[in-house]
Structures are given as structure tokens and as C-alpha cells.
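Notes for the structure review
So you can see what is in the structure, the chains are spelled out below.
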Amino acid sequence: MSDEKLPPETKLTRTKRAWADKRKFITGTAARSEENRLPPGQHVVRDWPVLDLGKQPDISRERWKLKIAGMVDRPATLDWAAFMALPQTQARSDIHCVTSWSRYDNDWTGVATRDLLDLVGPRDEAGHLMLHGYDGYTTNVPLADFAAPEAILVHSWQGKPLTREHGGPVRLVIPHLYFWKSAKWIGGIDFLGADKPGFWEVNGYHMRGDPWAEERYS
Ligand SMILES: Nc1nc2c(c(=O)[nH]1)N[C@H]1C(S)=C(S)[C@@H](COP(=O)(O)O)O[C@H]1N2
Ligand SMILES: [Mo]
């Protein structure tokens, strides 16, 4: 028998439906969605700022090497030729810097971190990584974040070789974390049994750095 009735319209149901229509209490900045790709507290820039410790090492492709060490089954040192012989991946992602600028739609070419992980075989004890730049910079990341499908060791941006100021010949890009985790002029990756802080992390910055959770500071 279809004698069903909707609950009677009351002041409460009207008010709450109006709240839902207005999205009252929703800031619109906290959650990622198709309509919102800007993490809380960020603003969009068009140019790509340069941020580093004031030292931009001049590393030619001929001289560049990436040493992968620590808790892996097959430690490796890759030169340019060995790096370029790995599967090449293209990916588009946004940059979110903890100083509050974000830059959308960067087109990267390089080696997906997953392909690098297949090469070296992380051991079960390896839960974190320390990334080393040729400028002496370090930053730590959880292995799970480094292994994300969108994380990539890049040599090109918008189809052109990555410039020295932005970390060429090769830098890391982990787009779902604040950009300080994306080491420029990358020369070393150490797989660690226990997390430890890198350069900015010693200076009050977060051990993980998820921009959607506003993990800016420790
Ligand atoms: N080797 C190295 N990598 C680094 C840094 C650095 O000083 N040295 N700075 C980090 C910070 S704080 C940011 S915001 C980004 C800046 O990258 P960009 O200069 O290409 O914008 O690189 C990160 N990676
Ligand atoms: Mo930064």
C-alpha cells in the first residue's frame, strides 16, 4: 500500500535545507574536489618562483649521478644514460609551496618513482627516505608518499630540459606534498629504517607536509 508520506515540512527542515543549499559552514577550501584544487591558505601564481638556499649547483648531465642506498635489496648508482634508459613517464600536476603560492598544470617528463623502486627493491624495514641535493639540502619523506603514482623524478618541464635554477638536470616532484619535499639537483636517496628530519624539518617544518591537511609546521 503506498500510503507513504514525507515527514511534514517544518521550520527546521526548511532551515536545514536552506543551509545545505547555501553550503553553510563549508569553507570551500579544506577538501580537494573537482571544483577546488587549491589547498587552504594557498594562492595561485602564473610564474614559477625559484626557492633554494642561495646555492644553485652547476651539475652537467655528464657529471650527474643518483646514488640509491640504505635499506634496499639492490643499491644502485645511476648516471644520465642509465636514468634515461628507465621507462619514461609524463605527468601533469600542481605545485603547492608552503610559502603559500601554488602553480597549476606543470607538465613533467621523467622516471616515475615506482619504476625506480622496482629497480632497487626497498626492504620491509624501509619506511622513510632521506633525499639529498647537490647543494647539501636534505628532506625526509615517508616511503608511501615517495611511492605515490604521481611522484616522479623529472628532467623536463613543459617539454624542455629542467633549468638549473629549478633543479636540473634532475629533481624530484611529489605533487601531493608541499614543494619543499621535492628535492632539486637530486643526487642521493637513502632508504631509512627510522624517520629523521631533513633541513627544513629541523627548522620547524612538518615531517610529512600534506597541503590539504595544512601540515606546514611541526
Ligand atoms: N636541493 C634543494 N632542493 C630544494 C630546495 C633547496 O633549497 N635545495 N628548496 C625546496 C623548497 S623550500 C622549494 S619551495 C622548492 C622550490 O623549487 P623551485 O625553485 O623550482 O620553485 O624546492 C625545494 N627543493
Ligand atoms: Mo619552499
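Residues numbered from 1 in each chain as written. Chains lettered and ligands numbered in written order. Predicted model: local features only at pLDDT ≥ 70, side-chain atom pairs only at ≥ 80, totals over all residues. Heavy atoms only, no water.

1. Here's the deal with the site of ligand 1
As a structural note, the neighbourhood of ligand 1 is formed by 20 residues, with P49, D135, H166, R171 and K184 the closest of them. Notes on ligand 1: free accessible area 530 Å², of which the protein chains cover 97%. Judged by the proximity of its atoms to the pocket grid, ligand 1 belongs to the largest pocket. Classifying every residue of the shell around ligand 1 gives 13 nonpolar, three polar and four charged. (Near = heavy atom within 4 Å. Areas by Shrake-Rupley, 256 points an atom, 1.4 Å probe, with all protein chains shown as cover. 1 Å grid on protein atoms, 1.4 Å probe; cavity = no way out; pocket = protein on both sides within 12 Å on 5 of 7 lines; lining within 4 Å. Sits in = over half its atoms within 2 Å of the grid points. Nonpolar A, V, L, I, M, F, W, Y, C, P; charged D, E, K, R; others polar.)

2. Quick word on the layout of surface pockets
As a volume, the largest pocket reaches approximately 380 Å³. Lining the largest pocket are 20 residues, with L51, D52, Y137, W180 and W200 sitting closest to its centre. The volume enclosed by the second largest pocket comes to roughly 220 Å³. Split into classes, the residues belonging to the lining of the second largest pocket amount to three nonpolar, five polar and five charged. (Points joined across faces, edges and corners; volume = space filled by probe spheres on them.)

3. Looking at unusual backbone geometry
Along the chain, G168 connects to P169 via a cis peptide bond; the corresponding omega equals 15 degrees. With respect to the helices, strands and loops of the structure, P169 is situated in the loop between β9 (160–161) and β10 (171–173). Backbone geometry places S100, a non-glycine residue, at a positive phi of 100 degrees. Even without a glycine there, the phi angle at D105 is positive, about 55 degrees. In this fold, D105 is placed in strand β5 (residues 101–112). (Helix = DSSP H or I, 4+ residues; strand = E, 2+ residues; numbered from the N terminus.)

4. Considering the sheet that holds strand β6 (residues 128–133)
Spatial strand order, β3-β2-β11-β6-β7: five strands in an open sheet with mixed pairing. Strand pairing shows two members of the sheet lacking a second neighbour, β3 (76–79) and β7 (138–142), which therefore form its edges. Adjacent strand axes in the sheet meet at a mean angle of 15 degrees, parallel and antiparallel pairs treated alike. In this structure, strand β2 (residues 65–70) lies alongside β3, joined through four bridges in antiparallel fashion. Within β3, the residue paired with I68 across the bridge is A76. (Pairing = 2+ DSSP bridges. Axes fitted to C-alpha atoms, helices over the stretch in contact; angles between N-to-C directions.)

5. Details of helix α3 (residues 113–120)
Buried within α3 we find T113, L116, L117 and V120. The buried residues of α3 all sit within an arc of 100 degrees when viewed along its axis, so they share a single face. Directly after α3, the chain includes G121, whose backbone phi takes a positive value near 65 degrees. (Buried < 20%, exposed > 50% of the residue type's maximum accessible area, 1.4 Å probe, protein only. Arc of directions from axis to C-beta.)

By themselves, these observations are geometric and do not establish any function.
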